[in-house]
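# Observations on the model geometry
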Amino acid sequence: MNKANQQLPFSDLIKSGEPVLVEFFATWCAPCKALAPTLKHLSDRTGDKLKIVKVDIDRARPVATKFQIQSVPTMILFKDGKVVWRMSGVQSIGKLEAAVKPHLG
């Protein structure tokens, strides 16, 4: 799992060749912490077919505002820079896999 590379603009990050799952989180968010092992498991299962990025809403307010993040955790799946799936709250590994599988190469 990758943390957003602060040197790479967010718009370039989500336009990468593989799908990008962005988790908008906050350090003070207990559900976000609960979701972390599930995202790690998803990363292990998808390998290099899916990039998983964590974005701290308190440190990246312009990005969080642009995507109208109202609650955390919120996950958005981008494919070629476009939103193809979005969900808020803690999700099961099965639900996350079902969401990303159609978009994997």
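One can find the structure itself at the top, above this paragraph.
Worth saying up front: this structure is predicted, and the values here are computed from it rather than measured.

### A word on the environment of C32
Counting through the fold element by element, C32 comes out in helix α2 (residues 30-46). C32 sits in the buried class, given a relative accessible area of 3%. Separated by 19 residues in the primary sequence, C32 and L13 place their C-alpha atoms 21 Å from one another. Apart from residues no more than four positions distant in its own chain, C32 is found in contact with E23, F25, A26, V72 and P73.

### Focus on the packing of aromatic side chains
Taken as a whole and judged by the stated rule, the model has five aromatic pairs. Ring geometry for F10 against F24: centres 6.3 Å apart, planes inclined by 50 degrees, an arrangement best described as tilted. Residue F10 is located in helix α1 (residues 10-13), and its partner F24 is located in strand β2 (residues 20-25); the two are separated by 14 residues in the primary sequence. The same class applies to F10 and to F24, which are both buried. Between F24 and F67, the aromatic rings sit 6.3 Å apart at their centres with planes inclined by 40 degrees, giving tilted as the arrangement. Within this pair, whereas F24 is found in strand β2, its partner F67 is found in the loop between α3 (61-66) and β4 (74-79), the two being separated by 43 residues in sequence. Grouping residues by exposure puts F24 and F67 together as buried. Here a set of aromatic residues connected by ring pairs shows up, and it is made of F10, F24, F67 and F78. Lying over the aromatic face of F25, K54 brings its terminal NZ or CZ to 4.6 Å of the ring centre.

### Regarding the pattern of salt bridges
Inspection of every chain in the model, using the stated rule, returns five salt bridges. In this structure, K51 and E18 form a salt bridge, with 3.6 Å as the shortest nitrogen-oxygen distance. With K51 in strand β3 (residues 51-56) and E18 in the loop between α1 and β2, the pair connects residues that are 33 residues apart, well separated along the chain. For E23, the salt bridge is made with K54, and the minimal N-O distance between the two is 2.8 Å. Of the two residues, E23 is situated in strand β2 and K54 in strand β3; the sequence distance between them amounts to 31 residues. Classification of K54 by relative accessible area gives buried; the value is 15%.

Criteria and cut-off values
Residues numbered from 1 in each chain as written. Predicted model: local features only at pLDDT ≥ 70, side-chain atom pairs only at ≥ 80, totals over all residues. Heavy atoms only, no water. Helix = DSSP H or I, 4+ residues; strand = E, 2+ residues; numbered from the N terminus. Buried < 20%, exposed > 50% of the residue type's maximum accessible area, 1.4 Å probe, protein only. Contact = heavy atoms within 4.5 Å. Phe/Tyr/Trp six-rings, centres within 6.5 Å; stacked < 30°, edge-to-face > 60°. Lys NZ or Arg CZ within 6 Å of the ring centre and 35° of its normal. Salt bridge = Lys/Arg side-chain N within 4 Å of Asp/Glu carboxyl O.

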